[in-house]
Amino acid sequence: QVQLVESGGGLVQPGGSLRLSCAASGFTFSSYAMSWYRQAPGKERDLVAAIGSAGGSTNYADSVKGRFTISRDNAKNTVYLQMNSLKPEDTAVYYCRAVHLFTYWGRGTQVTVSS
C-alpha cells in the first residue's frame, strides 16, 4: 500500500522556522522525483520545491528561493523541506508528491505563520 505521510507542520511566528518531513512507503522511493506543493485557502495548489530521484537536482518557486531547502534521504525513504524566515504568506497546507511511473500525493500538513 502506497503511503506518503507529511509531518512537522504547525503554528509559527513570522521569521521562524519549520522542518517538514514526508515519509514514503509502498513504492521504490529512490526511483521517484519528489516535490512539495502548497495550497492556501481559495487558491490553487502550487509547486514549492522539487528534487530529483538521486537528490542531485533541485528547483524552487521564486517566492521561497533562499529561504526553503528541499532534501531527501533515500535510506530513510523520506523527503524534507526546511523552511526558514517564514512569512504570513507561507500559510498553507503543504503536500508532498512522488512522480515516476505513477504520481502519488500525501494528505498534507498545515503550516500557519502568524503572530
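Going by the structure above, here's the rest.
Residues numbered from 1 in each chain as written. Predicted model: local features only at pLDDT ≥ 70, side-chain atom pairs only at ≥ 80, totals over all residues. Heavy atoms only, no water.

## A closer look at the nonpolar core
So, point 1. Among the nonpolar cores identified, the biggest contains 29 residues, and Leu4, Met34, Trp36, Leu81, Met83 and Tyr94 are the most heavily contacted of them.
So, point 2. Contributions of two or more residues to this core are made by strand E3 (18–25), strand E4 (33–39), strand E5 (45–51), strand E7 (68–73), strand E8 (78–83), strand E9 (92–99) and strand E11 (109–113).
So, point 3. Excluding residues within four positions of it along the chain, Tyr94 makes contact with Glu6, Leu20, Trp36, Tyr37, Arg38, Val48, Phe68, Leu81, Met83, Gly108, Thr109 and Val111. (Core = buried A, V, L, I, M, F, W, Y, C linked by side-chain atoms within 4.5 Å. Buried < 20%, exposed > 50% of the residue type's maximum accessible area, 1.4 Å probe, protein only. Helix = DSSP H or I, 4+ residues; strand = E, 2+ residues; numbered from the N terminus. Contact = heavy atoms within 4.5 Å.)

## Description of the sheet that holds E7
Across a sheet, paired strands are connected by hydrogen bonds in the backbone, their directions being either parallel or antiparallel.
So, point 1. Strand order across the open sheet formed by 4 strands is E1-E3-E8-E7, with antiparallel pairing between neighbours. Each edge of the sheet is formed by a strand with only one pairing partner; in this case those strands are strand E1 (3–7) and E7. Strand-to-strand twist across the sheet, computed as the mean angle between neighbouring axes with direction ignored, equals 15°.
So, point 2. Inspection of the sheet shows E1 paired to E3 by 5 bridges, in the antiparallel sense. Looking across to E3, one finds that Leu4 is bridged to Ala24. (Pairing = 2+ DSSP bridges. Axes fitted to C-alpha atoms, helices over the stretch in contact; angles between N-to-C directions.)

Any functional reading would require information that these geometric values do not contain.
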